[in-house]
Amino acid sequence: MPTVECDPDEARHRLKDAGVSVTPGNTEHEQWRAKRDGATAVAYDDKVVVQGSQPASLLGLIQPGGGRAHVYFDGASRGNPGPAAVGWAIVTSNGIVAEGSRRLGKMTNNQAEYEALIAALTAAVEYGYDEVDVRGDSQLIVKQVRGEWNTNNPELRERRVKVHELLQNFDRWSLEHVPREINDRADSLANEALDNA
């Protein structure tokens, strides 16, 4: 059970700002409780104890400064253009904090890759991280966002602008290309979303 030494009032405000419901404690010693994604946080006088199957889903919000996470993203399109989907995962030293996927309409693979990156960064912002190391298996997206390659397609350029807006929420970020096998969880989530449609 991770314990965070912090001001419980500040932690409660961070949770509420992230849209997490905070309720009164169950005993006279508990200041408040909060639940999210299989984790429960319980506040005491000078600390917050997090328990449950996914404690990292609350730890990033409770810890002062937000902490650091690895963010993986992948987009998939069958037909290029064709039915598309995104998958993403946020990982910390505590394991997978959050992951998600969703089906998109008809679009190209590159458009889906950008949508996956936008979804992953949006989640990292919502979880309150202030440092992210972002990883994806699309060399085109990585090099365009880093400014190494031009973005001539207007639709991709618009998405790249959105990515840069999201990256401004972090004190530090990096974006690297990784082989598909390193990005397997995000890739699996995107393909599962397509398969389950």
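Residues numbered from 1 in each chain as written. Predicted model: local features only at pLDDT ≥ 70, side-chain atom pairs only at ≥ 80, totals over all residues. Heavy atoms only, no water.

Peer 1: Please clarify how the overall build of the chain should be interpreted in this entry.
Peer 2: Across its full length, the chain holds six helices and ten strands. In summary, the chain has a C-alpha radius of gyration of 18 Å against a globular reference of 16 Å for 197 residues, a match within 12%. Reported as C-alpha extents along the three principal axes, the dimensions of the chain are approximately 60 × 35 × 25 Å. Out of the 197 residues belonging to the chain, those deemed buried represent 49%. Here the analysis covers contacts within the chain between residues at least 6 apart in sequence; of these, 62% occur between residues at least 24 apart. For the chain, the exposed surface amounts to about 9600 Å²; the carbon and sulfur share of it is 43%. (Helix = DSSP H or I, 4+ residues; strand = E, 2+ residues; numbered from the N terminus. Rg over C-alpha atoms; globule rule 2.2 N^0.38 Å. Buried < 20%, exposed > 50% of the residue type's maximum accessible area, 1.4 Å probe, protein only. Contact = heavy atoms within 4.5 Å. Areas by Shrake-Rupley, 256 points an atom, 1.4 Å probe, with all protein chains shown as cover.)

Peer 1: Looking at this model, I keep getting lost on the nonpolar core. Mind explaining?
Peer 2: In summary, soluble globular proteins display a tendency toward joint burial of nonpolar side chains. Grouped together as the largest cluster of nonpolar side chains are 34 residues, with contacts concentrated most on Phe73, Ile90, Leu117, Leu121, Val134, Val145 and Val163. Listing elements by their share of this core, those giving two or more residues are β6 (68–77), β7 (82–92), β8 (95–107), α3 (109–126), β9 (131–136), α4 (139–145) and α5 (154–167). Ranked by residues supplied to this core, first place goes to α3 with ten residues. Counting residues in each nonpolar core, the second largest holds 17 residues, with Leu15, Trp32, Ala34 and Leu58 among its members. (Core = buried A, V, L, I, M, F, W, Y, C linked by side-chain atoms within 4.5 Å.)

Peer 1: Where do I start with the packing of α3 against α5 in this structure?
Peer 2: Helices that pack against each other are described as a pair by the angle of their axes relative to one another and the distance between those axes. Two elements in contact, α3 and α5, have axes whose closest approach is 10 Å; the angle formed by their N-to-C orientations is 15°. Comparing the axis directions of α3 and α5 gives the class roughly parallel. Both α3 and α5 take part in a crossing whose hand is left-handed. Contacts from Asn110, Gln111, Tyr114, Glu115, Leu117, Ile118, Leu121, Thr122 and Val125 of α3 reach α5 at Glu155, Leu156, Arg159, Arg160, Lys162, Val163, Leu166 and Leu167. (Axes fitted to C-alpha atoms, helices over the stretch in contact; angles between N-to-C directions. Parallel < 35°, antiparallel > 145°, perpendicular 65-115°, else oblique. Left-handed = near helix turned anticlockwise from the far one by under 90°.)

Peer 1: Looking at this structure, I do not really get the pattern of salt bridges. What am I missing?
Peer 2: It is possible for side chains of opposite charge to pair when their charged atoms get near one another. This model, assessed by the stated rule, comprises 17 salt bridges. With its nearest N and O atoms 2.8 Å apart, the salt bridge here joins arginine 185 to glutamate 99. With arginine 185 in helix α6 (residues 184–195) and glutamate 99 in strand β8, this residue pair connects regions lying 86 residues apart in the sequence. Between arginine 159 and glutamate 115 there is a salt bridge; the shortest N-O distance is 2.7 Å. A residue pair is termed long-range when its members are at least 10 positions apart, and arginine 159 in helix α5 and glutamate 115 in helix α3 qualify at 44 residues. Here arginine 159 and glutamate 115 have matching classes, each one buried. Look at the salt bridges and you will find they share partners, linking Arg68, Glu131, Asp133 and Arg172 into a network. (Salt bridge = Lys/Arg side-chain N within 4 Å of Asp/Glu carboxyl O.)

What is shown is where atoms sit, not what they do.
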